[in-house]
Amino acid sequence: MSLALYRKYRPGRFAEVYGQEHVTEPLMQALRNGRVHHAYLFSGPRGCGKTSCARILARSLNCAEGPTPTPCGRCDSCVALAPNGPGSLDVIEIDAASHGGVDDARDLRERAFYAPVSSRYKIYIIDEAHMVSKDGFNALLKLVEEPPPHLKFVFATTEPDKVIATIRSRTHSYPFRLIPPRVLQAHLVEVCAAEGIAVDPLVLPVVVRAGAGSARDALSVLDQLIAGAGPDGVTYAAALALLGYTDSSLLDEVVDAIAAGDGAAVFEAVDRVIEGGHDPRRFTADLLERYRDLVVLAAVPDAGRNGLLDAPADQLERMAAQAARTGPAELSRAADVLHAALTEMRGTTAPRLLLELVCARLLLPAAASDPASVLTRLERLERRFAIGSAGSTAPGPALTSTPIVAAASAPAAPAAPAAPAAAGEIDAAAVRRVWPEILDAVKRQKRTAEALLRDAQVHDVGAATLTLSFRHGFHARSLDDGVNADALREALREVLGVDWRVVAVLSGAEPVTAASAPVAAAGAAGPVGPGQGSAAPVDGFAPGDGATDDEPDPDDPARTGPQGVMALLQAGLGAKVIGEVDAG
């Protein structure tokens, strides 16, 4: 049976203790100067080296060549007090959690006056010292204040405030700290090399995060991953599955969707989180940590190079792009919303519902009136104006008559991919960011057009053309209505300052251009104007037929008569006649 890693790699000298130089250096100097105190208080988080340093101090004091800051490791005392040694009769470790009563303290006081058996000093290491009762501390007070020359005390605790003041005042106190992530990761690299185990480089940051600054906890997690590793070693996917952390690609997807205002993508990601059996609280915490990284990147663009962020280069590049697309005010607001949600999730019985409500808050800053939400809205307006300004400096060719071309129901031949946007041009990501503002502008002109475009997603931008994808064919065909087209074109001019041709395509299909669309090619030789047969008619009714006003004329029989009503149902909802009933 193998020994646990945290025991196998427990330090045996002060130089082997990681991340606690502010403690080990003064202790080593005190040993060199021969000014070792009779009582010490080691305090700090669990797993950061308090008990290990207490044992190393005992080893240094009782070494045959000591007291010395560097035990020889060969004498009987050093061998007995080695990390995995049998122990010494003169170094007594007491667990105060089970031996902290007044009777235990009295028993210790009686035995403490006996001389050590074979060592220079008798040393008591009292672990979890905060568990000693007040009466127990009072029973030890006189002994700690005036011990015999051969007696030393080391108290180790995670809660020094619970050690009574009279005891604390008689000790030299050394506060231990959490081990820095980089130092802990370097230690894990050494352990993996010593064990001869192949570990994916992406795994170690996850283990460091799970260890939360504790060497013992991090080594325990790594030990568990190594125990379940296959022929390929410890993989990133296996580590995420075991520890329950969220894949960075899913976090990228959610952050991008929130920045673009794509509610469908956000809630689909939440559904995948729940269906995958992941804890909504863990997902919220991971998303909060991602926004923290983005806040840092927004404030310090070279945070990856100067050590503020520890992540692979490709991930840092993706996060830098996310921070640039979102803006510092919106990043800060998102972090605040997620932090508050973590607090609310502690006692909730419906964590998924709360997570979805949090996502809705992130998507709709206009629904709140707090300063952070107002700043977010102002920041979005500034980005919109910046995008519009960029588009006006290098617009595409203006079109006097911009056709709206709908896709056929069957996919056409694949098109050559659109070239990436040059500097100063507007790309698809920029349009997605201001898509809610475009919809608002459409709504002010024609509510039905705005309802129609709610089904649309920005697919691509290129060559003065905006490609929208629809899930339903009748929505794509209805976009060819002259009034709908005019409303969309006017909104694009208002928000982005561009005059673009718009192509409608079904989800999963390629766009059909005016030259290749059968219906459009059958029209006049001139350019196809709005509402001029660029989409196939539905059951004999062309979507462009009828009035172009926003509201129908109540006296127009073409709109209010049976044929007109049927035509509107067919065009707007894709209805079909399945039979007729004789009302007489």
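Higher on the page you've got the structure.
Because the structure is a prediction, the values reported are computed rather than measured.

Calculation rules
Residues numbered from 1 in each chain as written. Predicted model: local features only at pLDDT ≥ 70, side-chain atom pairs only at ≥ 80, totals over all residues. Heavy atoms only, no water. Helix = DSSP H or I, 4+ residues; strand = E, 2+ residues; numbered from the N terminus. Buried < 20%, exposed > 50% of the residue type's maximum accessible area, 1.4 Å probe, protein only. Contact = heavy atoms within 4.5 Å. Pairing = 2+ DSSP bridges. Axes fitted to C-alpha atoms, helices over the stretch in contact; angles between N-to-C directions. Core = buried A, V, L, I, M, F, W, Y, C linked by side-chain atoms within 4.5 Å. Parallel < 35°, antiparallel > 145°, perpendicular 65-115°, else oblique. Left-handed = near helix turned anticlockwise from the far one by under 90°. Nonpolar A, V, L, I, M, F, W, Y, C, P; charged D, E, K, R; others polar. Polar contact = N/O pair within 3.5 Å; in protein donor to acceptor, adjacent residues only side chain to side chain. Salt bridge = Lys/Arg side-chain N within 4 Å of Asp/Glu carboxyl O. Phe/Tyr/Trp six-rings, centres within 6.5 Å; stacked < 30°, edge-to-face > 60°. Arc of directions from axis to C-beta.

### A short note on the overall build of the chain
- Counting secondary structure elements, the chain contains 26 helices and nine strands.
- For the chain, the proportion of its 584 residues judged to be buried stands at 45%.
- Counted over contacts in the chain with a minimum sequence separation of 6, partners at least 24 positions apart contribute 72%.

### Details of the environment of valine 221
- Tracing the chain through its elements places valine 221 in helix α10 (residues 215–227).
- The exposure class assigned to valine 221 is buried, which follows from its relative accessible area of 14%.
- In this structure, the C-alpha to C-alpha distance between valine 221 and valine 207, residues 14 residues apart in sequence, is 6.5 Å.
- Setting aside residues no more than four positions away along its own chain, valine 221 makes contact with Val207, Ala210 and Leu243.

### Thoughts on the sheet that holds strand β5 (residues 172–175)
- Ordered in space as β2-β3-β4-β1-β5, the five strands form an open sheet in which the pairing is parallel. Single-partner strands in this sheet number two, and they are β2 (91–95) and β5. Across the sheet, the mean angle from the axis of one strand to that of its neighbour is 15°, orientation sign disregarded.
- Where β2 meets strand β3 (residues 122–127), five bridges bridge the pair, whose relative direction is parallel.

### Looking at the nonpolar core
- Membership of the largest hydrophobic core comes to 36 residues, with the highest contact counts inside it found for Val254, Phe283, Leu287, Tyr291, Leu294, Leu338 and Leu362.
- At the level of elements, α12 (248–260), α13 (263–275), α14 (280–299), α15 (313–326), α16 (328–344) and α17 (351–363) are the ones that each hand at least two residues to this core.
- If one sorts the elements of this core by residue count, α14 sits on top with seven residues.
- Among the nonpolar cores identified, the runner-up in size contains 33 residues, and Ala441, Ala449, Phe470 and Ala504 belong to it.

### What to know about unusual backbone geometry
- Phi is positive for glutamate 128, close to 50°, though the residue is something other than glycine.
- Its location among the elements puts glutamate 128 in the loop between β3 and α6 (134–145).
- The backbone of alanine 212 sits at a positive phi, close to 55°, despite the residue not being glycine.

### Digging into the side chain of aspartate 293
- The topology assignment puts aspartate 293 in helix α14.
- Those residues in contact with aspartate 293 that lie beyond four places of it in its chain are Leu309 and Met319.

### Here we look at the packing of α12 against α15
- The interhelical angle for the contact between α12 and α15, taken along N-to-C directions, is 15°, at an axis separation of 10 Å. The angle between α12 and α15 falls in the class roughly parallel. The element α12 and its partner α15 pack so that their crossing is left-handed. Touching Ser248, Asp252, Val255, Asp256 and Ala259 of α12 are Gln315, Arg318, Gln322, Arg325 and Thr326, all from α15.
- Tallied by class, residues from the contact of α12 with α15 come to two nonpolar, four polar and four charged.

### What to know about the environment of histidine 150
- With respect to the element layout, histidine 150 can be found in the loop between α6 and β4 (151–157).
- Along the sequence, histidine 150 and tyrosine 121 sit 29 residues apart, while their C-alpha atoms lie 4.8 Å from each other.
- Among the polar contacts listed, one links the side chain of histidine 150 to the backbone oxygen of tyrosine 114, at a separation of 3.2 Å.

### Some words on the pattern of salt bridges
- Tallied over the full model, the rule gives 25 salt bridges.
- Arginine 361 is the partner of glutamate 344 in a salt bridge, and the nearest nitrogen-oxygen pair spans 4.0 Å. Linking glutamate 344 in helix α16 with arginine 361 in helix α17, this pair joins segments that are 17 residues apart in sequence.
- Residue class for glutamate 344 comes out partly exposed when judged on its relative accessible area of 38%.

### Describing the packing of aromatic side chains
- Across all of its chains, the model carries six aromatic pairs by this definition.
- For the pair tyrosine 40 and phenylalanine 42, a centre-to-centre distance of 6.2 Å together with 50° between the ring planes defines the contact as tilted. You'll find tyrosine 40 and phenylalanine 42 in the same group, each marked buried.
- One aromatic cluster in this structure is built from Tyr40, Phe42, Tyr174 and Phe176.

### So, helix α5 (residues 102–112)
- Burial in α5 covers these residues: Ala105, Leu108 and Ala112. Here the buried residues of α5 occupy an arc of 60° about the axis, which is enough to place them on one side. Across α5 from its buried face, at more than 90 degrees, point the exposed residues Asp103 and Glu110.
- Turning to α5, the residues buried within the fold contact β2, β3, α6 and β4.

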